[in-house]
Amino acid sequence: MNIKKNIAMSENGFIFNPATGDSFSANRMASFILAALRSGKSEAEIKTDIIENYEVNPEQVNRDWDDYVIQLRAANLLEA
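*Asks:* Outline the overall build of the protein chain, listing residues and values.
*Replies:* Tallying secondary structure elements over the protein chain gives three helices and three strands in all. Along the chain direction, N to C, the helices and strands of the protein chain fall in the order β-β-β-α-α-α. In terms of overall size, the protein chain behaves like a compact globule, its C-alpha atoms giving a radius of gyration of 12 Å where 80 residues would be expected to give roughly 12 Å. For the protein chain, the spread of C-alpha atoms along the principal axes amounts to about 35 × 25 × 20 Å. A burial count over the protein chain gives 30% of its 80 residues as buried. The contacts of the protein chain with a sequence gap of at least 6 include a subset with a gap of at least 24, amounting to 47%. Counting only carbon and sulfur atoms, one obtains 50% of the accessible surface of the protein chain, whose full area is about 5200 Å².

Set out below in structure tokens:
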């Protein structure tokens, strides 16, 4: 899964899709995930990083991950 190359992301969580003109604000965790995806990390690597760095159990990470991916697809931020 990859973030579209033309998506602009700032360090403070501002996301802009120039193809649609849409902009979004991402919280700290969402920014962490987007940056990790952009750097080429796999889903498994990102989930491991989250579990190791935040107080969350694997089941919660998996549920939240699925919801977040749905949101990213709906916002047209992921490559097909």
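*Asks:* An account of the packing of helix H2 (residues 43-53) against helix H3 (residues 58-74) is needed here, citing residue identities and associated values.
*Replies:* Where H2 contacts H3, the two axes come as close as 10 Å, and the packing angle between them is 130 degrees. Of the possible angle classes, the one that applies to H2 and H3 is oblique. For the element pair H2 and H3, the recorded crossing hand is right-handed. Here Glu43, Ile46, Lys47, Ile50 and Ile51 of H2 come into contact with H3, specifically with Pro58, Val61, Asn62 and Trp65. In terms of residue class, the contact of H2 with H3 is made up of six nonpolar, one polar and two charged.

*Asks:* Would you mind going over H2 in detail, with residue names and values included?
*Replies:* Inspection of H2 places Ile46, Lys47, Asp49 and Ile50 among the buried residues, and these make up the whole buried set. Relative to the axis of H2, the buried residues are bounded by an arc of 160 degrees and lie together on one face. Opposite its buried face, H2 presents the exposed residues Ala44 and Glu52, each directed more than 90 degrees away. Along its buried surface, H2 packs onto helix H1 (28-38) and H3.

*Asks:* Explain unusual backbone geometry to me, using residue names and the numbers behind them.
*Replies:* With glycine set apart, most residues show a phi of negative sign, and most peptide bonds adopt trans. Positive phi outside glycine occurs at asparagine 76, with the angle close to 60 degrees. With respect to the element layout, asparagine 76 can be found in the segment after H3. Taking relative accessible area as the criterion, asparagine 76 reaches 33% and is therefore assigned partly exposed.

What counts and how
- Residues numbered from 1 in each chain as written.
- Predicted model: local features only at pLDDT ≥ 70, side-chain atom pairs only at ≥ 80, totals over all residues.
- Heavy atoms only, no water.
- Helix = DSSP H or I, 4+ residues; strand = E, 2+ residues; numbered from the N terminus.
- Rg over C-alpha atoms; globule rule 2.2 N^0.38 Å.
- Buried < 20%, exposed > 50% of the residue type's maximum accessible area, 1.4 Å probe, protein only.
- Contact = heavy atoms within 4.5 Å.
- Areas by Shrake-Rupley, 256 points an atom, 1.4 Å probe, with all protein chains shown as cover.
- Axes fitted to C-alpha atoms, helices over the stretch in contact; angles between N-to-C directions.
- Parallel < 35°, antiparallel > 145°, perpendicular 65-115°, else oblique.
- Left-handed = near helix turned anticlockwise from the far one by under 90°.
- Nonpolar A, V, L, I, M, F, W, Y, C, P; charged D, E, K, R; others polar.
- Arc of directions from axis to C-beta.

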